[in-house]
Amino acid sequence: MRKIVLKSALLLSVMFLISCDQDFNTIGSDVIGDDHFGLEKKEDVNVIAYTKRTGQVQSNNLPSNMLGYYSDPFFGTTKASFVTQLTLASVNPNFGFEADITTTDSVYLYVPYLSKQTATGSGNEPNTYELNSTYGEDFETATFDLKIYKSDYFLRDFGTNPEERQKYYSGATDRSLVEANLDGVPLNEFTGALASETTAFKFSKEEIIIYKRNAAGDFLDSSGNVTTDESARVVSQRLAPGMWINLDPLRFKDIILNASSSDLINNNIFKEYFKGLYFQMTENNPDEDALAYLDFSKGYIMMQYHSKDTDEATAEVKKKSVRINMTGNTINFFQNNFSSAYETALNNSNSTTGDELLYMKGNDGSVVFIDLFGPDTDANDVPDQLEQLRSEKILVNDAFLTFYVKNDGQKNATRIYLYDATNNAPLLDYIFDSSTATDPKNNKLLFGGILEVDEDNEDLGVKFKIRIRSHINNIINGDNPDTNKNVRLGLSVTDNIANSSSYDVFDSVNFGNEKLPIASIISPLGTIVYGNTTTDESKKLKLEIYYTKPN
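Residues numbered from 1 in each chain as written. Predicted model: local features only at pLDDT ≥ 70, side-chain atom pairs only at ≥ 80, totals over all residues. Heavy atoms only, no water.

Participant: So what exactly am I meant to see when it comes to the pattern of salt bridges here?
Facilitator: If the charged atoms of two oppositely charged side chains come close together, the side chains can form a pair. All chains considered together, the criterion is met by 24 salt bridges. The partner of Asp398 in a salt bridge is Arg467, with the nearest N and O atoms 3.0 Å apart. Highlighted residues: Asp398 in strand β25 (residues 395-404) and Arg467 in strand β30 (residues 461-467), separated in sequence by 69 residues. A relative accessible area of 0% means that Arg467 is categorised as buried. A single salt-bridge network, built from bridges that share partners, covers Lys41, Glu43 and Glu544. (Salt bridge = Lys/Arg side-chain N within 4 Å of Asp/Glu carboxyl O. Helix = DSSP H or I, 4+ residues; strand = E, 2+ residues; numbered from the N terminus. Buried < 20%, exposed > 50% of the residue type's maximum accessible area, 1.4 Å probe, protein only.)

Shown next as structure tokens:
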């Protein structure tokens, strides 16, 4: 038995595909149904599908970024690091007179995780959260040696051509440029009580609460009096779960307070002066993995200091702060140690005959390419099978590609994305599908690609099914020779079905394409499905076309 992984995704609206020639749709308990009411069926269409290694992929300024270490039983391990530029929340700051970072001041960094509040605490008790987009069997217990460096490598906006945006890639080429330009010891290197923040860092779903304190750092109650009673503390600020790390005050005194005013006058100059931060995590135990998405765009550094508003000797010394935001250019780096089984599969893929098994892996892993309708023996740029279907003038009522999962220990991606790999664009069926669900990851339900899992064991995938009725109908019956071409299809994992944009790959010659879906780059997961050369006929990849013939 099987069910689609919808995770309580009740349909908010289920709409028929918006197509002027759409004649048939069915939405059953499995969303994409199997009943086609006696329509004629064609399933002997020639299909060739094979796996291609992506190599390094463009990974600068991604819509979401990850940090940590992930271990998949089949695909191997991935370690993610990150570099970001910084900007002053208020440029050209006036620090006042006799500015200094005192022993009661702190410099800290905060980057929120992706989370959702599930309950509200009473009084000064913490609110309850659950984290979204986390990976790893040991997410709550795995510890890391976290190092945050000042980067002296400038992330450019434009390349050598001033009309083209600069592209940075996920692998060792660009990572080595950053790591070769790190300034001294980590900014978060401490001894004593703060050392564990660095050497035993853990992701946490706990809310971060900041309490009111006096100038000496003592906790205050609602009357402004010093209190040692935790329940009497007054909450000054609540922050959603995130990375909260203390940074070296003396380093920031030198970098910010002692900076030339000309280096802080605007953010273009500031980004040249303080070029950014580099986050590097090393797992303390390779048998424990944890990886999470962080919303770096909402991250910041808060630097507290004291100064006078005037240069008078009797002027009051006040506590102040400067905020530095984590905005600007970014790069997410991935270090992979693929398993020998996965490496063998990548090396043995056959683009001529197709493969027995197909491997999709996010980040800089692999995608699948699919060619339909077989050879073109008369060399007229139209495959022979497609010519025959066009001559029959069939009415395409529905069409599906079904991918059966081969469970080989992998943690299956919960969704895959089929796209036009010739033009690196979404298919018509994707464009026409406006169906929505309570969980946005399950939008475009009619288009499909959502993992169906075993009824008794949700860790075991059964199949993915993707509807391509509009695409096939356009190829067979479309009358515009510029848009009815039999394009190559691409198949990737996706972490965000709403994102159909593409990014570049570093080596387009070996990959066989210049681009890759961004939604694949931002997913660490993979899956394995049966291809067109498997001997198991019940799981062989097939294109099923349901049709009626004209009278």
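Further notes follow.
Participant: What am I meant to see in the pairing of strand β5 (residues 65-72) here?
Facilitator: Taken residue by residue, a regular strand's side chains alternate between the two faces of the sheet. Among the eight residues that make up β5, seven are buried, leaving the element largely enclosed by the rest of the structure. In this structure, β5 lies alongside strand β6 (residues 76-84), joined through five bridges in antiparallel fashion. Within β6, the residue paired with Gly68 across the bridge is Ala80. Here β5 folds back onto β6 in antiparallel fashion, the turn holding three residues. (Pairing = 2+ DSSP bridges.)

Participant: Looking at this structure, I do not really get the pairing of strand β21 (residues 317-325). What am I missing?
Facilitator: Here two bridges tie strand β7 (residues 87-88) to β21, and the two strands are oriented antiparallel to one another. When the sheet's bridge partners are listed, Thr87 is paired in β21 with Asn325. Both strand β20 (residues 300-308) and β21 contribute to a ladder of nine bridges, which runs antiparallel. Following the sheet pairing, Ser307 is matched in β21 by Lys318.

Participant: Mind showing me how you'd approach the side chain of Arg233 here?
Facilitator: Along the chain, the position of Arg233 falls in the loop between β15 (208-211) and β16 (235-239). Setting aside residues up to four positions removed in sequence, Arg233 forms contacts with Asn124, Tyr211, Phe219, Leu220 and Thr227. (Contact = heavy atoms within 4.5 Å.)

Participant: Help me out: how do you make sense of the nonpolar core in this one?
Facilitator: Nonpolar side chains in soluble globular proteins generally cluster together in the buried interior. By size, the foremost hydrophobic cluster in this structure holds 66 residues, and its most contacted members are Ile370, Phe403, Leu418, Ile472 and Leu543. Considering every element that reaches this core, the biggest residue donor is strand β24 (residues 366-372), with five residues. When residues no more than four places from it in sequence are discounted, the contact partners of Phe403 are Ile370, Ile416, Val462, Lys463, Phe464, Ile466, Leu491, Val529 and Leu541. Residues Tyr69, Phe82, Phe252 and Phe296 belong to the second largest nonpolar core, which totals 44 residues. (Core = buried A, V, L, I, M, F, W, Y, C linked by side-chain atoms within 4.5 Å.)

Participant: Mind showing me how you'd approach the packing of aromatic side chains here?
Facilitator: One pair of aromatic rings is described through two measures. These are the centre distance and the angle between the planes. By the definition in use, this model includes 30 aromatic pairs. Aromatic side chains Tyr342 and Tyr359 sit 6.3 Å apart centroid to centroid with 50 degrees between the ring planes, which places their arrangement in the tilted category. A residue pair is termed long-range when its members are at least 10 positions apart, and Tyr342 in helix α5 (residues 340-347) and Tyr359 in strand β23 (residues 357-361) qualify at 17 residues. What makes Tyr342 buried here is its relative accessible area of 0%. Measuring from ring centre to ring centre gives 5.7 Å for Tyr430 and Phe447, while their planes differ by 85 degrees; the resulting arrangement is edge-to-face. You can see Tyr430 sitting in helix α7 (residues 428-432) and its partner Phe447 sitting in the loop between β28 (436-437) and β29 (452-454), a full 17 residues away along the chain. By relative accessible area, which is 1% here, Phe447 ends up buried. (Phe/Tyr/Trp six-rings, centres within 6.5 Å; stacked < 30°, edge-to-face > 60°.)

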